Amino acid sequence: MRVSNRNLDMMQMNSDLKNLLASMQLPIVMVDKICCCGADARCRNAFNVLQSDVGRPISDFKPNITFPI
């Protein structure tokens, strides 16, 4: 029974996180320990990221925006 409750808890947390990310109006790029990225739809224009780019190193991307130094 405990494993089942953990699965339900994880499913609920996953759903909550998806809803939070969907409600934000900012482009989001997520980077893992080896700098491979995942990205939401809003960042495609700003960061030149395609759905097929998920998992590529972030250093491969050339953003369309400039960053102040």
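The numbering scheme is per chain: residues are counted from 1 as the chain's sequence reads. For this predicted model, a pLDDT threshold of at least 70 governs which residues receive local features, and a threshold of 80 or more governs which side-chain atom pairs are given and counted, while totals over whole chains, interfaces and linings are taken from all residues. Note that water and hydrogens are dropped before the side-chain values are worked out from all heavy atoms of the structure.

Asker: Can you help me understand the overall build of the protein chain in this one?
Answerer: Strands here are runs of E lasting at least two residues and helices are runs of H or I lasting at least four, both read from the DSSP assignment and numbered beginning at the N terminus. Of regular secondary structure, the protein chain possesses two helices and two strands. Start at the N end of the protein chain and walk to the C end: the helices and strands fall as α-β-β-α. Here the protein chain holds 69 residues, and the buried ones make up 14% of them. Restricting to contacts in the protein chain with at least 6 residues of sequence separation, those with at least 24 account for 5%. Total accessible area computed for the protein chain in this model is approximately 5800 Å², and 62% of it derives from carbon and sulfur atoms. With a 1.4 Å probe rolled over the protein chains alone, any residue whose accessible area is under 20% of its type maximum counts as buried; one over 50% counts as exposed, and the rest are partly exposed. Working rule for contacts: check all heavy atoms of both residues, and any pair within 4.5 Å makes them a contact. Each accessible area value is a Shrake-Rupley result obtained with a 1.4 Å probe; residue values ignore everything except the protein chains displayed when judging cover.

Asker: Looking at this model, I keep getting lost on the pattern of salt bridges. Mind explaining?
Answerer: When the charged atoms of two side chains lie near each other, side chains of opposite charge can form a pair. Between Lys or Arg on one side and Asp or Glu on the other, a salt bridge is scored when a side-chain nitrogen of the former is within 4 Å of a carboxyl oxygen of the latter. This structure, assessed with the given rule, holds one salt bridge. Linking R56 and D60 is a salt bridge whose minimum nitrogen-to-oxygen distance equals 3.4 Å. The exposure class assigned to D60 is partly exposed, which follows from its relative accessible area of 38%.

Asker: Honestly, the confidence of the model for the protein chain in this entry has me stumped. Any pointers?
Answerer: For any part of a model where pLDDT is low, the fine detail of the predicted coordinates should not be relied upon. Looking at the protein chain as a whole, the pLDDT averages 77, with 86% of positions reaching at least 70. Looking over the protein chain, one finds the lowest element-wise mean pLDDT in strand β2 (residues 37–39), namely 69, and the highest in helix α1 (residues 2–23), namely 85. Confidence scores per residue from the predictor, reported as pLDDT, run from 0 to 100.

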